[in-house]
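Listed below are the residues making up each chain.
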Amino acid sequence: MKAKKLIEVALPIKEISAESVRDKSIRHGHISTLHLWWARRPLPVCRAIVFASLVPDPLDENCPEAFKYAVEMLLNTELGKLHYKPYKDIPYTSIVDEMEDNHRNRLMMFIGKFSEKCQENMKAGKSTPPKEQLDDWSLIKWENKNNPKILRIARELIFVAYQSDKRPDATWEELHAEFDNLYDAIPKAEAALYELKDHHIETDKVKQLEAELQAAIDTFQNEMPSVFDPFAGGGAIPLEAARLGCRSYGNDINPVAHIIERGSAEFPQKYGKPIVYSDSEFISRYGDKGIEMAQETDRNIIHDNKGYHIPNRLAFDVEFYAKKILAETEKEVGYLYPADEKGNKPVAYYWARTAKCSNPSCGAEVPMLKGFYLCNTSKKKVYLNPVIKGTDIQFEIKNGNCDHLKPFLKGRECSLMCPCCGSVTDGKAVKKMSKNHLTGERFIAVIKEGKNGKEYILPSDKDIKMCAVTFDNLERPIGDLPKNDSQNLKIPLWGYETWASMFSNRQINFLSSLITNYSKVIINSESDYNKVVLTYLALFISRLTVANTTFGRWSDLRETVVALFSKQAIPMIFDYPESNPFCTSSGSAYNQIDWIIRYIESERLTNFPAIFANASSGEKTQFNKKSIYAVVTDPPYYDAIAYADLSDFFYVWMKQTLTSIFPLNFATPKTPKIEECTAIKHHFDGDEKAAEKHFERKLTEIFDAIEQQTSDVVSIMFAHQSTKAWTTLCNSILDARMNITGSWPMDTERDVRPMGLSGAALESSVTVACRPSEREGFADFDEVKHDIRQLVKAEVEKLYGLGFRGADLLTACFGQAVSVFGHYKLVETAEGDPVSVGQLLEFARESAAQALLEGVPGEPQTKFYCGWLQMNGMGECDFDDVNKYTRVGVNVEIRQLQSDRLLITEGSQQYLATAEEHLGSNETWGTQPTDYMISQVHRIMMAYRMGNQVLLLKLVRDLCPQSDAPQWRVLDFLGGHLPEGKDLNDVKGILASAEMLRQKCKEAVQHQEGSLDFGE
Ligand SMILES: C[S@@+](CC[C@H](N)C(=O)[O-])C[C@H]1O[C@@H](n2cnc3c(N)ncnc32)[C@H](O)[C@@H]1O
Ligand SMILES: [Zn+2]
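Before going further, it helps to spend a moment on the overall build of the protein. Of regular secondary structure, the protein possesses 36 helices and 28 strands. Against the compact-globule benchmark of 31 Å for 1016 residues, the protein has a radius of gyration of 31 Å, which places it among compact chains. Reported as C-alpha extents along the three principal axes, the dimensions of the protein are approximately 90 × 90 × 60 Å. A total of 1016 residues make up the protein; the buried ones form 58% of that total. Counting contacts in the protein only where the partners sit at least 6 residues apart, residues at least 24 apart contribute 72% of the total. Counting only carbon and sulfur atoms, one obtains 50% of the accessible surface of the protein, whose full area is about 42000 Å². Distance between charge centres in the protein, computed from 119 positive and 141 negative side chains, equals 4 Å.

Structural data, given as structure tokens:
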């Protein structure tokens, strides 16, 4: 028997969650800033899962001695002794619970540990800035992604784990010496190559040193485990596996993702290295512009008698050539974006699409404006004030409030409200006009950089003239948008049917000029290095396409351009900013270069590039049998994101820049659709069932191949809560002859929105660890149920203590339930019917809910409410059913429930009251600790809905200041059972801000004992 891996027994999920939430706001040097891809996973969770999938549990009786020794030596000596010491008292729990100082816990603390300061703050109920939450020695901390000391420890632990798995008799001393030997050979070989002057010239000496470096890297990596991600996407998982020194493989079917992956986890690691150019070489390559760049201090370029020492050759080249292309392009088309008399360049031009009023006697061309604010912050308000003369609509720009103005385009239905004659043109007619290309566009304002943020002015004659310039023979990207995907791509319904139609003429002109200059820039695109530089330049142009469409938005709150794809879709937009790529503000094209450079530089210290294939996964011959050690992945989910359809936006442009470099990847007119592992209806002629079948079959096929090719753990991240999603995932796992052996929820998506905003997300992702399994024998569902109930109950209590709530908590138990079920070939009911995974998960969810409710004190009204909701939802039901339930289930009089307004009666029908119906106009119900628990909870919900912060805080303080108060359990229960609607929105919002609320109460009590001023 081999030892279990850490991921199967323990994981510091609170710590990983904290750093993962922080990860979403990290910008400079972060993988997400290189190029957009959808549904990226946070880096801390990727790094933690890869690491924990590779090292054994040191407390496992089968754990190799050498590994235990490694933990002792690397995590319990010198400074590690202190830094990786387990908590004296686990900070996020309310009891005093010392964590035993053992090797498993030390390994957890190495992955992630809360800093001393954060521990103290947590106990005092205070918050800690995200940056300071984790201890500086934590593996997953952002700042440590290049920390040589920490990475060395991680790599050595993985090395020893892997080697002692293969050679159980090897001692720590032997393995430690081997590791040092192999590992230290790499920097030596690097130094030899990078110190050699002009190593860009392929001399025999250079070739020899390059081969020696490659050999050093290979020899080391041959002794490290291999990790594979079959759904690599933006590349976060392979990036982290490579960072930990593993041989890291990633597949993605999508060519756009493939290029982004290589730009993220292959090229910087391979080519982002130092170089010394002799003076003559440097000058002949870069000329005066290069010397100018070398003199700018922030690049840390040293010039001495040896020549120019460039810390990162790739970053320097990409910057140099991107600037060159841009400068050439500006020379050609810059006049289209004229500066004013003082030389100030506009930031953007504000446009509105227009539609004709349907009143035949009017026919005004009305700008489709849903609002008039250009800037709407608490300190500054600027708006467009309409001036109507007959059917002529002009605007003036005014300061102040414009809430009194009625929009020209109304709400969701998009009906046109003519300001000239007052007629209403119905939304359908407006859409039809747009579809038939009978709508127009109007240039309304110019946005400039001013002293107090942005300045808004009416267009000058010159501005108007420049946007009216027409161009002959513009080369446009080729390709149609999918017509029948109204879920993700709304604009074809409005007549925007080609990808090219998403750009103004001026934008197309700018982008094609860029591409022309791009193709002139490096003549020799044969060399691998030059191809890499060209790839980044293509990514740069691709970034500019997102910022230069007519489907971005102007944010009147932040006064910035919000580029396309702020959602995973392309919604219809009626007014938009046309950016000036040559402006000097943060959204300019020059600034876009910076994001790319910073990313390349931030990954220069890792030597291990990942290896990517642009292929559909599931190919049985891709790897030899059991030749991959571990799989870590994050699969798509049904139709949640239409990767292939959306990515065609980029693909049609990349085809122009990258076909000559990667002809195979860009051979087809569009990205591959059919083999994509998603359930996109319109790929199957609108047949939803066929699409779903395809997704399920594909997922099983891919897991099946994985099972054959992988020798150890398969870890799968999954961010979906519906039972359907889980049923599919678990079916695919079980059908591929694997079983779940560990399951971990993490709050990687937590998004605490301000109070009163509905739909606040409290979302977690769950990672399940799986292994090939021998499924044996038959079992009786009743017995299995018993085991599941026990396991789930223990899990609920544990996760509840860790702060998981609502639907998150219920789904988090699925993994446990499946692990019981998956032991058997078949589980049967008493009647001999096979039990499906769907039934099993339903049962698991109910057991989890039951376990939750067990913590709620036994007052029948609340029990009735929750129990009934769980069984019947909020819909109407028959009197007799309710009557039976009240007598058998909870023992409460039906009349009592009616007079308490928990149950609303209409004729013979009954339904459960919403919070609003229950409390009605009564102002006291639910404000006292002696009231029904459900009334208290409804009161809290209503206070939240009204945005009454003072009342809300008072209620929390009086009723449920502790995180383990039963009111929170009832809220969690409701969160897992209420149907979509206002009540559910409130519950989600409250749960998302629960910690903040409790904390504010504590602070208010501490600071101003007795008064109820919460500083709002
Ligand atoms: C959830 S995303 C992965 C995101 C990634 N973990 C990240 O952090 O960026 C799933 C990916 O699976 C890819 N995919 C879908 N079907 C595939 C297939 N048949 N073979 C390989 N990749 C596929 C999609 O293109 C998408 O990029
Ligand atoms: Zn009109």
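This part covers the environment of Thr633. Along the chain, Thr633 turns up in strand β20 (residues 630-633). Separated by 83 residues in the primary sequence, Thr633 and Ile716 place their C-alpha atoms 5.0 Å from one another. Those residues in contact with Thr633 that sit more than four places away from it in its chain are Asp229, Pro230, Phe231, Ile237, Ser715, Ile716 and Met717. Of the polar contacts made by the side chain of Thr633, one reaches the side chain of Asp229; its length is 2.6 Å.

The protein atoms that coordinate the zinc ion (ligand 2) are Cys357 (SG), Cys362 (SG), Cys418 (SG) and Cys421 (SG), at distances of 2.2 to 2.3 Å. Coordination at the zinc ion (ligand 2) comes from 4 donor atoms whose angles at the metal span 102 to 114 degrees, giving a geometry best classed as tetrahedral. Mapping the donors of the zinc ion (ligand 2) onto the primary sequence gives the spacing C-x4-C-x55-C-x2-C. Highlighted residues: Cys357 in the loop between β6 (348-356) and β7 (365-367) and Cys421 in the loop between β12 (415-417) and β13 (424-425), separated in sequence by 64 residues. Among the residues examined, Cys357 registers a relative accessible area of 3% and is labelled buried.

Attention now moves to the pattern of salt bridges. Inspection of the entire model under this criterion finds 56 salt bridges. Here Asp712 and Lys5 are joined by a salt bridge, their closest N and O atoms 3.3 Å apart. One end of the pair, Asp712, is in the loop between α22 (688-709) and β21 (714-718); the other, Lys5, is in the segment before α1 (6-9), with 707 residues separating them in the sequence. When sorted by exposure, Asp712 lands in the same class as Lys5, which is buried. Taking the shortest distance from any N to any O, the salt bridge between Asp704 and Lys620 comes out at 3.2 Å.

Turning our eyes to something else, we now look at the packing of helix α15 (residues 313-333) against helix α19 (residues 528-547). The geometry of α15 relative to α19 is characterised by a closest axis approach of 10 Å and an angle of 55 degrees between their N-to-C directions. By the angle between their directions, the pair α15 and α19 is classed as oblique. Viewed along their axes, α15 and α19 form a crossing whose handedness is right-handed. Along its contact with α15, which presents Arg313, Leu314, Asp317, Val318, Tyr321, Ala322, Ile325 and Leu326, the element α19 presents Tyr529, Val532, Val533, Tyr536, Leu537 and Phe540. Within the contact of α15 with α19, the residues separate by chemical class into 12 nonpolar, no polar and 2 charged.

Attention now moves to the sheet that holds strand β11 (residues 409-410). If you walk across this open sheet you meet the 3 strands as β11-β12-β13, and the pairing is antiparallel. Whereas interior strands pair on both sides, the edge strands pair on one side only; in this sheet they are β11 and β13. For β11 and β12, the ladder comprises 2 bridges, and the chain directions are antiparallel. If you follow Leu409 over to β12, its bridge partner there is Leu416.

It is worth spelling out a positive patch on the surface at this point. Positive charge collects at one region of the surface, where Lys370, Arg412, Lys431 and Lys490 lie side by side. Relative to the assigned elements, Lys490 resides in the loop between α17 (461-468) and α18 (505-521).

Attention shifts here to the pairing of strand β22 (residues 738-746). Each regular strand carries side chains that alternate between the two faces of the sheet. Counted residue by residue, β22 has 8 buried out of 9 residues, so it is predominantly covered. Judged from the 8 bridges that link them, β22 and strand β23 (residues 765-772) form a sheet pairing that is antiparallel. Across the sheet, residue Gly742 finds its bridge partner in β23, namely Ala769.

A few words now on empty space enclosed by the protein. What the rule picks out here adds up to 5 cavities of 30 Å³ or more. Counted as a void, the largest cavity has a volume near 70 Å³. Broken down by element, the residue count for the lining of the largest cavity peaks at 3 residues, all from α15.

The next subject is the packing of aromatic side chains. All told, the structure shown has 51 aromatic pairs when counted by the stated rule. Ring geometry for Trp499 versus Phe649: centroids 6.1 Å apart, planes at 75 degrees, classification edge-to-face. Placement of the pair is Trp499 in the loop between α17 and α18 and Phe649 in helix α21 (residues 643-658), with a sequence separation of 150 residues. A relative accessible area of 0% places Trp499 in the buried class.

Turning our eyes to something else, we now look at the nonpolar core. Membership of the largest hydrophobic core comes to 322 residues, with the highest contact counts inside it found for Phe51, Phe110, Leu157, Tyr536, Leu537, Trp968 and Leu974. When residues of this core are assigned to their parent elements, the largest contribution, 12 residues, is made by α19. Each residue touching Phe51, except ones within four places of it in the same chain, is listed here: Leu107, Phe110, Ile111, Leu139, Ala154, Leu157, Ile158 and Leu244.

Moving on to the pairing of strand β10 (residues 392-399). Relative to β10, strand β9 (residues 381-389) is paired through 8 bridges, and the arrangement is antiparallel. Counterpart to Val387 in the pairing with β10 is Gln394.

The next subject is the state of the cysteines. Summed over the entire model, instances satisfying the criterion amount to 0 disulfides. Note on Cys375: no disulfide assigned, nearest cysteine sulfur contributed by Cys402 at a separation of 11 Å. Classification of Cys375 as buried rests on a relative accessible area of 0%.

All right, on to the packing of helix α27 (residues 837-853) against helix α34 (residues 966-977) then. The geometry of α27 relative to α34 is characterised by a closest axis approach of 9 Å and an angle of 160 degrees between their N-to-C directions. Put simply, α27 runs roughly antiparallel to α34. Considering how the two elements wind past one another, α27 and α34 form a crossing that is left-handed. Taken together, the residues of α34 that come into contact with α27 (itself represented by Arg845, Glu846, Ala849, Ala851, Leu852 and Leu853) are Arg969, Asp972, Phe973, Gly976 and His977.

Before going further, it helps to examine the site of ligand 1. Around ligand 1, a shell composed of 25 residues is seen, among which Arg41, Gly234, Asp252, Asp634 and Cys677 lie nearest. Here an oxygen atom of ligand 1 and a side-chain polar atom of Trp37 are 3.0 Å apart. Taking Asp252, its side chain carries an N or O atom lying 2.8 Å from an oxygen atom of ligand 1. Here ligand 1 loses 99% of its free accessible area of 610 Å² to cover by the protein chains. Taken together, the residues of the shell around ligand 1 break down into 13 nonpolar, 6 polar and 6 charged.

What follows concerns the confidence of the model for the protein. When pLDDT is averaged across the protein, the result is 90; 95% of the residues are at 70 or more. Confidence drops under pLDDT 50 across residues 751-762; counting only partners more than four residues distant or on other chains, this segment forms 27 contacts. A low-confidence stretch, residues 1008-1016 (pLDDT under 50), is modelled with 14 contacts involving residues beyond four sequence positions or located in other chains.

Our focus in this paragraph is a negative patch on the surface. A cluster of acidic residues, Asp782, Glu783, Asp787, Glu831 and Asp833, forms a negative patch on the protein surface. With respect to the secondary-structure elements, Glu783 resides in helix α24 (residues 781-801). For Glu783, a relative accessible area of 54% puts it in the exposed group.

A rise of 1.5 Å per residue sets the reference length of α24, with its 21 residues, at 30 Å; its end C-alpha atoms lie 29 Å apart and thus fit the reference within 8%. Within the span of α24, buried status applies to Phe781, Val784, Ile788, Val792, Glu795, Val796, Leu799 and Tyr800. Along the axis of α24, the buried residues cluster in a sector spanning 120 degrees; they form a single face. Of the exposed residues in α24, the ones pointing more than 90 degrees away from its buried face are Glu783, Gln790 and Ala794.

Reading the values: the criteria
Residues numbered from 1 in each chain as written. Chains lettered and ligands numbered in written order. Predicted model: local features only at pLDDT ≥ 70, side-chain atom pairs only at ≥ 80, totals over all residues. Heavy atoms only, no water. Helix = DSSP H or I, 4+ residues; strand = E, 2+ residues; numbered from the N terminus. Rg over C-alpha atoms; globule rule 2.2 N^0.38 Å. Buried < 20%, exposed > 50% of the residue type's maximum accessible area, 1.4 Å probe, protein only. Contact = heavy atoms within 4.5 Å. Areas by Shrake-Rupley, 256 points an atom, 1.4 Å probe, with all protein chains shown as cover. Lys, Arg positive; Asp, Glu negative; His and termini not counted. Charge placed at Lys NZ, Arg CZ, Asp CG, Glu CD. Polar contact = N/O pair within 3.5 Å; in protein donor to acceptor, adjacent residues only side chain to side chain. Donors = N, O, S within 2.8 Å, 3.2 Å for Na, K, Ca; no water. Tetrahedral: all angles 85-135°; square planar, octahedral: opposite > 155°, others 65-115°. Salt bridge = Lys/Arg side-chain N within 4 Å of Asp/Glu carboxyl O. Axes fitted to C-alpha atoms, helices over the stretch in contact; angles between N-to-C directions. Parallel < 35°, antiparallel > 145°, perpendicular 65-115°, else oblique. Left-handed = near helix turned anticlockwise from the far one by under 90°. Nonpolar A, V, L, I, M, F, W, Y, C, P; charged D, E, K, R; others polar. Pairing = 2+ DSSP bridges. Patch = residues over 30% accessible without salt bridge, like charges linked within 9 Å, V, L, I, M, F, W, Y side chains within 5 Å. 1 Å grid on protein atoms, 1.4 Å probe; cavity = no way out; pocket = protein on both sides within 12 Å on 5 of 7 lines; lining within 4 Å. Points joined across faces, edges and corners; volume = space filled by probe spheres on them. Phe/Tyr/Trp six-rings, centres within 6.5 Å; stacked < 30°, edge-to-face > 60°. Core = buried A, V, L, I, M, F, W, Y, C linked by side-chain atoms within 4.5 Å. Disulfide = S-S within 2.5 Å. Near = heavy atom within 4 Å. pLDDT = per-residue confidence, 0-100. Expected span 1.5 Å × (residues − 1). Arc of directions from axis to C-beta.

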